[in-house]
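Coordinate inspection notes
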Amino acid sequence: MRTDRITTATLGCVLGGAVLLAGLNLLTPAASAAHVPDFAISLAGKYLCYAILALAVDLVWGYVGILTLGHAAFFALGGYAMGMYLMREIGARGVYGNPTLPDFMIFIGWNKLPWYWYGFDHFWFAVLMVMLVPGVLAFVFGWFAFRSRVSGVYLSIITQALTYALMLAFFRNDMGFGGNNGMTDFKDILGFPLNRESTSVGLMLVTAIVLAAAFVLTRALTASRFGKVLVAVRDAEARTRFLGYRPESYKLAVWVLSAVIAGIGGALYVPQVGIINPSEFSPGNSIEAVIWVAVGGRGTLAGAILGAVIVNLGKTWLTSALPEIWLFAFGGLFILVTLFLPRGVIGLFALWRPRSVDQHMPAAAASAAAEAAAREVAG
Amino acid sequence: MSGEAILRLDGVCVSFDGFKALNDLSLALAAGEMRAVIGPNGAGKTTMMDVITGKTKPDAGRVVFADDTDLMRLDEPAIARLGIGRKFQRPTVFEPLSVRDNVLLALNGDRSPGFTLRARETADECRRLEEILATIRLAADGQRRAGDLSHGQKQWLEIGMLLAQEPKLLLVDEPVAGMTDAETAATAELLREINRSRSVMVVEHDMAFVRALGVKVTVLHEGSVIAEGSIDRVQDDPRVVEVYLGR
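Residues numbered from 1 in each chain as written. Chains lettered and ligands numbered in written order. Predicted model: local features only at pLDDT ≥ 70, side-chain atom pairs only at ≥ 80, totals over all residues.

Here we take up the overall build of chain B. Helices and strands together make up the secondary structure of chain B, namely 10 helices and 10 strands. Taken over C-alpha atoms, the radius of gyration comes to 18 Å for chain B, in line with the 18 Å a tight globule of 247 residues would show. Projected onto its principal axes, the C-alpha positions of chain B cover 55 × 40 × 35 Å. By residue count, 46% of the 247 residues in chain B fall in the buried class. In chain B, the share of contacts with a sequence separation of at least 24, taken over all contacts with a separation of at least 6, comes to 67%. (Helix = DSSP H or I, 4+ residues; strand = E, 2+ residues; numbered from the N terminus. Rg over C-alpha atoms; globule rule 2.2 N^0.38 Å. Buried ≥ 20, exposed ≤ 12 C-beta atoms within 10 Å, placed from the backbone. Contact = placed C-beta atoms within 7 Å.)

Residues and elements named next belong to chain B. Two elements in contact, helix α3 (residues 99–106) and helix α5 (residues 123–135), have axes separated by 10 Å at closest approach and are oriented at 115°. In this structure, α3 crosses over α5, and the sense of that crossing is right-handed. Listed contacts from α5 to Arg-100, Val-103 and Leu-104 of α3 are Glu-125, Leu-129, Ile-132 and Leu-133. In the contact of α3 with α5, the residues fall into five nonpolar, no polar and two charged. (Axes fitted to C-alpha atoms, helices over the stretch in contact; angles between N-to-C directions. Left-handed = near helix turned anticlockwise from the far one by under 90°. Nonpolar A, V, L, I, M, F, W, Y, C, P; charged D, E, K, R; others polar.)

For the rest of this paragraph, the subject is the environment of B:Gly142. All names here are of chain B. With respect to the helices, strands and loops of the structure, Gly-142 is situated in the loop between α5 and α6 (151–164). When the 17 C-beta atoms within 10 Å are taken as the criterion, Gly-142 is described as partly exposed. In this structure, the C-alpha to C-alpha distance between Gly-142 and Phe-115, residues 27 residues apart in sequence, is 23 Å. Gly-142 has contacts with Ser-98, Val-99, Arg-100 and Leu-133, leaving out every residue within four places of it along the chain.

If you look at the biggest cluster of nonpolar residues, it comprises 174 residues, and the most contacted ones within it are A:Ala51, A:Ile52, A:Ala54, A:Leu55 and A:Ile305. Of all the elements, helix α2 (residues 38–64) of chain A adds the most residues to this core, at 18 residues. (Core = buried A, V, L, I, M, F, W, Y, C linked by C-beta atoms within 7 Å.)

Our focus in this paragraph is the sheet that holds strand β2 (residues 19–30) of chain B. Residues and elements named next belong to chain B. If you walk across this open sheet you meet the four strands as β2-β1-β4-β5, and the pairing is antiparallel. With partners counted over all chains shown, the strands left at the sheet margins are β2 and β5 (69–70), one partner each. Across the face of the sheet, helix α1 (residues 45–52) comes into contact with β1 (5–16), β2 and β4 (60–65) while running at roughly 65° to β2. (Pairing = 2+ DSSP bridges.)

Now for the confidence of the model for chain A. For chain A, the mean per-residue pLDDT works out to 91, and 92% of the residues sit at or above 70. Here residues 356–365 of chain A is modelled with pLDDT under 50, and outside its nearest four sequence neighbours on either side it reaches 30 contacts, counting other chains as well. (pLDDT = per-residue confidence, 0-100.)

It is worth spelling out the interface of chain A and chain B at this point. Across the boundary between the two partners, chain A contributes 24 residues, which contact 24 residues of chain B. Considering each element in turn, the side of chain A that touches chain B owes the most residues, seven residues, to helix α8 (residues 225–235) of chain A. Across the side of chain A that touches chain B, the residue classes break down as 14 nonpolar, four polar and six charged.

Further remarks concern the pairing of strand β3 (residues 34–38) of chain B. Residues and elements named next belong to chain B. β3 sits mainly inside the fold: five of its five residues count as buried. Residue alternation in β3 divides its side chains into two sets, Met-34, Ala-36 and Ile-38 and Arg-35 and Val-37, and both sets are buried. Note that β3 and strand β8 (residues 199–203) share four bridges and pair parallel. Looking across to β8, one finds that Met-34 is bridged to Val-200.

What follows concerns the sheet that holds strand β10 (residues 224–229) of chain B. The pairing of strands in a sheet comes from backbone hydrogen bonds and takes either a parallel or an antiparallel form. Residues and elements named next belong to chain B. Strand order in this open sheet of six strands is β6-β7-β8-β3-β9-β10, and the pairing throughout is mixed. The open sheet has two edge strands with one neighbour each: β6 (84–87) and β10. When strand polarity is set aside, the average angle formed by the axes of neighbouring strands in this sheet is 20°. Here β3 pairs with strand β9 (residues 216–221) via four bridges, running parallel. Considered in β9, the bridge of Ala-36 is made with Val-217. The strands touched by α1 within the sheet are β3, β6, β7 (169–173), β8 and β9, with β7 carrying the most contacts at an inclination of about 150°. Most of the contacts of helix α7 (residues 181–195) go to β8, to which it runs at about 150°, and overall it touches β3, β7 and β8.

Structurally, A:Arg147 is set in helix α5 (residues 123–147). Expressed as a C-alpha distance, the spacing of A:Arg147 and A:Lys251, which sit 104 residues apart in the sequence, is 9.8 Å.

Put into structure tokens, the structure is as follows:
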């Protein structure tokens, strides 16, 4: 029952909040006190994309114990796939006026579109690649890592290496993805001009809907018998083997799904921020995503969304008010949450309620997750 | 004891960095038998369990289950699915899940992600769950978080999970460690009950408990069998007295 309340509240906040912001932006005069300015819409859209990434991280970290320090790689790959579509959409409107070749290719002297850019002039193809590219990479990575029983801190390190390697690769001009500068100057998406306010509002609403759908999907998944096996693998992997389960299959399935969700988040991010470049792969981004989840409450899904939004609100405010202290505040926040709020912000809601024995109760899951994390640290 | 063997170890050797944990260990368990395995610390009892369940691969020897299934070529999940259940020394239950869900995950059935994704609890599963919860005396605790159970209750829950697997052979590692006398007696009773339909191998330190089980005893020392027989005969064996009981 409680679980349903949390699910309803989360969906209400995400969808209701997005609709409210959209309404206050489009339907109120700019001079009104209730008016939501345009920049707030694009910020909200950005936060919702981060929340999708946080959900993906929580699915693997919170429920099956894979502390991923490379999830921004999947986010960025989804973003690049969308960026390639947006580049092809520019067509002859670029600086060099070439109908097929993006500006950066002409700039480095290419005269033919590389084969891996074929198809990206179709939106459906780009959407397919948004899911397929992170999914396939995650499958190959997970296939080798989980079958050879790499886990714990070693797995975390190789996820970090994965995103770092991708960052270095995407920095290279001859990779054909715009090198250092990445891709930008997008004009429109599906014919809607990106500089028009209604397009921003539309993108933000679509992001909210996708986030809500991802939340419902991951919620259903973790509440199923499959989800119970995930928790069992997280807390006592060897035991599940002696029960006849193959933890590697479960990890692989949920890892690939998580990568696809992260990829979709990245794809929605790029048209809203108007640029994708290799810095999206930087290791710090992946670590930030883990901290959002820790702050919100690991192993609760709703907490991941909450954490992504509040940490980024704080970041936006602090980086403009006191830019020099942001990193210290961020690091301090992580330490404080780990020490004093092991169940995250969402765990606070459980404080004034009697402890329930219902295993679906997020707080119980979060406390178990915190115990597991403490064991990891201690071990 | 004659009859068909459900488990046979032939000349099994395992060494870790030169230390011989198992040294030419040979042992046969008849179908339907309950056997107690005793021995001092480091005798190789847990390593033997590891070899049988596929966690450790032996350097030499053969491990055969039922008629002619070579266990050495299989990994842990495959061996578990053949019908060998294992209870660990320290109770290992899935703490954040409810008692009922712990047993549910152990119920004999499809273990693939594709199945568990779509699985709904069937009436048959519900009946089996209730049966097992009653057997392990946790019928009223089904909805409790497994992590909140007492130590003895966790041991029982783990035994219940083994029952749910419906194994043909049950390996039980020190089931009464840390239990009260009453819990120990009840556990002996429970194991005898389980033994009516399955073969059981119990590794134990507690001599009073082994005596209460009243079954054939195998004594391990430095990775091999040094005596086998009834508890009284084993206790009189001078070698056993020397390495184990006399100290």
